[in-house]
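Per-entry structural report
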Amino acid sequence: MTPEELLDAYSEMVLIRRTEKAAHDLFMSGLVKGTTHLAAGHEAVAVGASSALRPDDYVFATYRGHHHAMARGATPEECLAELMSRATGLCQAKGGSMHLTKATNGMLGSYAIVGAHLPMAAGAAWSAKLRGSGQVAVAFFGDGATNIGAFHEALNLAAVWSLPVMFVCENNLYMEYTPIEAVTAVPNPAADRAAGYNMPAEIIDGNDVVVVHETMARAAERARKGEGPTLIEAQTYRHFGHSRADPAKYRPADEVERWMKHDPLDVARARLEALGVPPETIADRDRRAAATVDAAIAAAKNAPEPEPALAFTDVWADGGAAWRT
Amino acid sequence: MADVTKAEKFTYRDAVAEGIAREMRRDPSVVCLGEDIGAAEGVFKTTVGLFKEFGPGRVWDTPISEQAIVGAAMGAAMTGMRPVAEIMFSDFLACCWDYLANEIPKARYMTGGQVTVPLVVRTANGGGLGFGAQHSQAVENWAFTVPGLKIVAPSTPADVVGLMSAAIRSDDPVVFFEHKALLAGSGPRPPEGHLIELGQAAVAREGTDVTVVALASTVPLSLKAADQLAGEGISVEVIDLRCLIPLDMRTVLRSLERTSRLVVVEENPYQGGWGGTVVSVVADEGFELLDAPIKRVAGANVPLPFADSLEAEVIPTVDKVTEAIRRLSAY
C-alpha cells in the first residue's frame, strides 16, 4: 500500500469505529431496536480486504457486517438510518442491523443464519467463472461458522469447481460467549480445515490492515488466474461483546488488555508515522470522521419513518406482494 | 419438433428435460446443477440429453451437498445467471431448508429490493413408487409455508414444458415439484414457445355438480373419479391448480358459483396441507356460494409406509375421492 492508500484505509477504519460507537450509544439510548453485533476491532479485515478488490467484485458478510457494508461504500448515515428504522436506511428499514446490503457496490448482503452465505459466495464466484468476467467473490464469516455444515459444503464445492472465491474467517476467539477452542477439534478453526479440501490457507494478523490487504491481493490474483479458492484466517478481537449490551465478562482481563493494545487503528497509525505521514494529517482525518458520523447521527434522527405501505413491497421482483388471484 | 405423422410418446419425464432445454437454447444464462444430472442424466432421467447438448460448462454435476447446491444457485442467481438446481428427492429439501425458508425468499425483501433471485429448484415429489418414508413424501406444503417462493406442480407433460419455461424466465425464485408417479405418463408435445403464466389454474374437466380442486398427481386421480361418477349422473368439475403460489383462487371461486360444492384433493398431509388455505379463502370469501360442507381428501397424518397396500391407506386414491364426491353430492 502507498502512504496515500494507507491513509485512506486508516480514515475508513476510523469512520467505521466511530459509526460502531454511535450504533452502540444509540442502542443503549433506545433509538436502535432489536439487536446489534458491532465490529469495532474488526475494521482492518474489512478495509484491508476491500482495498484489494475490484469495484465489481462480490462481498457476502454476516450479521456482524456493518464494517463490510461501509468498506464497500455504504455511508455512516445510510447504516445508522437503517439501524434506527428510518426510510432513508440502506434497506429502507426492512433489513436492520443484521442485513446491511449495498448491492450497487457488489456488497450482496449480510446474512444472519450462521454459515449460510458461504455457498452463496461460491455461487457468485461460479457465476463470474461462467461469464468469464474476471470477478472474484469473498465470504467473510466468524470462527463459529467453521463448525456448521454449509462451511464444509462450500469449501468442497469451491475447491472441486476451482472457483474464484476467498473465504475469510474473522477469528475473534469466541463463537458467541463460548471460546471457539472449547467447541472445535482443531486449534485454528478455519485454516486447519483447509487441507481437507486441498485449499491453500493462511493465518494472518487481522488487525494489521496492510497484512490483510497484501494477503487478499495475492489470493484475489490467484483466483483471477483460475487457480481457485483461498482460505484466510484473520485473527482479530471484538471491542464490544457479542451483541446488544453484552459486557463480555467471559473474557479474561489480561486477554482483553493484550488485544486492546493491538488495536487495528493503532497499528495503522504506527505504520503511517513510520512512513513519515505527519501526526497533524492523521489527526485531521480523525476530526473529519468524527464530524461525518456526528452529521450522520443527526440526519438519521431527523429522517422519516418508513411509509406503512412499504411492508408490502418487494416480496416479488415486480415490486409487489400478491400471492393469489 | 412435433411429428404428426408418427404417434410419438412424449412423457412427463421427457417434458422436464425438454422444458429446460428450450430455455437453455434461448438464454445462455440458464445453467443446471445437481447430483448425477450430467453424464448420468439424472436418477429419474429428467435431464436426458442436456449434458450432451450443452456440455459440462452449462450442466454441472455436484457433490451430495444440498446446501452447496441451493446456496450456490442463489449466489449465481443474484449475479446474472438463471440457475436450475435439482434436489433429487423433495424429501431432501429438508437438508437445505435454510435456503428455502430463510435466504432465497427473503433476500429481495430484506434488502429493500436491492437483489433478485431468479432461480428454479426442481425436485421429484410424492408417493406411489414405494420408496418409503424418506423418499415418498409430498412436501409442496413445506414450500407453501414460506412467503416469497413461487410454487409449481404440473400434472401433464405439456404443462411441465410451459410451466418450466415460465419458471426459468421468472425473476422470482420458483420451487418446481415434479411428481414421481407421473413421470412415465405421456401426452401431446407442446409447440415451440409454449409458455404458461405462473398462477393460472386450468379447468381439466368441466362439470356442474361438484368442484374438485387438485394438483399434480391428484389431477389424474380426480379425473378418473369424475369419469366413474359421470355414470352415476354426477357432473364433476376438476380444477388443476398447476401452481400453489400464485394461487388462482379466482378460478376456484368462479367454479363454485356454478357447483356450490367443493372437494380439495391433496397428497401432502391433512395437517398443514395446502388445501387448508384454499378452504379458508373459500370459507371467508365464498361462504354464500356453498350448499354443503367442504371436504378435504388429503394425505393422512402419518409417515409414509413402505408396502403398497399400506401406502394406499394414507394417500388419496380414486375410491377416496369418489366417496367424498358422492357424499357431498347427496348432501
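Cut-offs used in this document
- Residues numbered from 1 in each chain as written.
- Chains lettered and ligands numbered in written order.
- Predicted model: local features only at pLDDT ≥ 70, side-chain atom pairs only at ≥ 80, totals over all residues.
- Heavy atoms only, no water.
- UniProt positions renumbered as here; feature names shortened; annotations may be inferred.
- Phe/Tyr/Trp six-rings, centres within 6.5 Å; stacked < 30°, edge-to-face > 60°.
- Helix = DSSP H or I, 4+ residues; strand = E, 2+ residues; numbered from the N terminus.
- Buried < 20%, exposed > 50% of the residue type's maximum accessible area, 1.4 Å probe, protein only.
- Domains from an automatic or database assignment.
- Contact = heavy atoms within 4.5 Å.
- Salt bridge = Lys/Arg side-chain N within 4 Å of Asp/Glu carboxyl O.
- Pairing = 2+ DSSP bridges.
- Axes fitted to C-alpha atoms, helices over the stretch in contact; angles between N-to-C directions.
- Buried area = accessible area lost by both parts, 1.4 Å probe.
- Polar contact = N/O pair within 3.5 Å; in protein donor to acceptor, adjacent residues only side chain to side chain.

Going by what an unreviewed UniProt entry lists, chain B is known as Alpha-ketoacid dehydrogenase subunit beta and is assigned to Phytohabitans maris. Per UniProt, chain B carries the Cofactor (unreviewed entry) text "thiamine diphosphate".

By the naming in an unreviewed UniProt entry, chain A is Thiamine pyrophosphate-dependent dehydrogenase E1 component subunit alpha, taken from Phytohabitans maris. Reading the Cofactor (unreviewed entry) entry of the UniProt record for chain A gives the comment "thiamine diphosphate".

**Quick look at the packing of aromatic side chains**
Tallied over the entire structure, the rule returns twelve aromatic pairs over all chains. When the ring of tyrosine 174 of chain A is compared with that of tyrosine 250 of chain A, the centres are 5.5 Å apart and the planes differ by 55°; the resulting orientation is tilted. Taken together, the residues span a long stretch of sequence, with tyrosine 174 of chain A in the loop between β4 (165-171) and α7 (191-194) and tyrosine 250 of chain A in the loop between β6 (230-235) and α9 (253-260) at a distance of 76 residues. The class of tyrosine 174 of chain A is buried, set by a relative accessible area of 5%. Arranged with centres 5.5 Å apart and planes meeting at 85°, the rings of phenylalanine 89 of chain B and phenylalanine 131 of chain B form a pair that is edge-to-face. Of this pair, phenylalanine 89 of chain B sits in strand β4 (residues 82-89) while phenylalanine 131 of chain B sits in the loop between β5 (120-125) and α6 (140-144); the two residues are 42 residues apart in sequence, bridging distant segments of the chain. The exposure class of phenylalanine 89 of chain B is buried, given its relative accessible area of 9%. Phenylalanine 131 of chain B sits in the partly exposed class, given a relative accessible area of 37%. Joined through ring pairs, the aromatic side chains of Phe44, Phe89, Phe92 and Phe131 of chain B make up one cluster.

**A short note on the domain arrangement of chain B**
Many structure descriptions define interface size as the accessible area lost when the parts assemble. Residues and elements named next belong to chain B. Domain annotation for chain B reports domain 1 (10-187) and domain 2 (202-329). Domain 1 and domain 2 are separated by 26 Å when their C-alpha centres are compared. Taken residue by residue, the interface counts 24 residues in domain 1 and 27 residues in domain 2. Linking domain 1 with domain 2 are one salt bridge, by the criterion used here.

**Examining the sheet that holds β6 of chain A**
Residues and elements named next belong to chain A. Taken in spatial order, the six strands make up an open sheet running β2-β1-β3-β4-β6-β5, and their pairing is parallel. Edge positions in the sheet fall to β2 (107-111) and β5 (201-205), since each of these pairs with one other strand and no more. Here the strands of the sheet are splayed against their neighbours by 20° on average, with no regard to which way each runs. Those strands touched by helix α8 (residues 209-224) are β3 (137-142), β4, β5 and β6, and its axis lies near 160° from that of β5.

**A few points about the interface of chain B and chain A**
Opposite the 49 residues of chain B that make contact, chain A presents 42 residues. In total, chain B and chain A occlude about 3800 Å² of area from one another, counting both sides; carbon and sulfur atoms represent 65% of this. Interface area lost by chain B to chain A is led by Trp60, Tyr109 and Met110 of chain B, which between them contribute 19%. Where chain B touches chain A, the interface holds two salt bridges. Across the pair arginine 324 of chain A and glutamate 285 of chain B runs a salt bridge whose closest N-O atoms are separated by 2.6 Å. Listing elements by their share of the side of chain B that touches chain A, those giving two or more residues are β2 (30-34), β3 (59-61), α3 (66-77), α4 (97-103), α5 (107-110), α9 (249-259) and α10 (275-285) of chain B. In terms of residue count, α3 of chain B provides more of the side of chain B that touches chain A than any other element does, eight residues in total.

**Focus: the side chain of threonine 236 of chain A**
Residue and element names in this part refer to chain A. One can find threonine 236 in the loop between β6 and α9. Engagement of the side chain of threonine 236 in a polar contact is seen with the backbone oxygen of glycine 41, the distance being 3.0 Å. Leave out the neighbours within four places in its chain, and threonine 236 touches Gly41, His42, Val45, Glu170, Asn171, Asn172, Asn207 and Trp259.

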